[in-house]
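The chain contents come next:
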Amino acid sequence: MPLKIKIFRTIGGQDSGAFATATARASGLGSTDLLLVIALDDHAYGYWKGDNVKVSDSELEQVLSQDMEPALRSTDYPGAITATTTALQEVMTGGQDTP
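Residues numbered from 1 in each chain as written. Predicted model: local features only at pLDDT ≥ 70, side-chain atom pairs only at ≥ 80, totals over all residues. Heavy atoms only, no water.

Draft legend 1. The packing of helix 2 (residues 57–73) against helix 3 (residues 77–93), seen in detail. Two numbers describe how helix 2 lies on helix 3: the axes approach to 8 Å, and their chain directions differ by 155°. Here helix 3 runs roughly antiparallel to helix 2, going by the angle between their axes. Viewed along their axes, helix 2 and helix 3 form a crossing whose handedness is right-handed. On the side of helix 2, the interface is formed by E59, L60, V63, L64, D67, M68, A71 and L72, while helix 3 contributes Y77, G79, A80, A83, T84, A87, L88 and V91. Residue classes in the contact of helix 2 with helix 3 are distributed as twelve nonpolar, two polar and two charged. (Axes fitted to C-alpha atoms, helices over the stretch in contact; angles between N-to-C directions. Helix = DSSP H or I, 4+ residues; strand = E, 2+ residues; numbered from the N terminus. Parallel < 35°, antiparallel > 145°, perpendicular 65-115°, else oblique. Left-handed = near helix turned anticlockwise from the far one by under 90°. Contact = heavy atoms within 4.5 Å. Nonpolar A, V, L, I, M, F, W, Y, C, P; charged D, E, K, R; others polar.)

Draft legend 2. Summary view of empty space enclosed by the protein. What the rule picks out here adds up to one cavity of 30 Å³ or more. In terms of lining, the largest cavity is formed by L3, L34, L36, Y47, L60, L64, T84 and L88. When residues of the lining of the largest cavity are traced back to their parent elements, those giving at least two are strand 2 (34–39), helix 2 and helix 3. For the lining of the largest cavity, the per-class residue count stands at seven nonpolar, one polar and no charged. (1 Å grid on protein atoms, 1.4 Å probe; cavity = no way out; pocket = protein on both sides within 12 Å on 5 of 7 lines; lining within 4 Å. Points joined across faces, edges and corners; volume = space filled by probe spheres on them.)

Draft legend 3. Here's a closer look at the layout of surface pockets. Within this model, the largest pocket holds a volume of roughly 210 Å³. Around the largest pocket, the lining residues are I38, A39, L40, H43, A44, Y45, E69, L72, R73, T75 and Y77. Taken together, the elements giving at least two residues each to the lining of the largest pocket come down to strand 2, strand 3 (44–49) and helix 2.

Encoded structure:
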């Protein structure tokens, strides 16, 4: 699953999920892609997930709330990205390390 992360200062009051969807479409992302949009000044994020991404919406939302949000709240943006990618990898592999 290719994970794409786009960070913006603001999305200008737009709904973050709709913004992520529009961004994914404009970027030509495919069925195996996952896009995470983070709007720093808005304290908002949204995602778009292709149909063939092997993680459920509930699993993804759990990762975002448990692994990404705490780091974002403390303005540790690199840590938020690292925690999110690590947790998603664990969810997708059942906790198994990948080579």
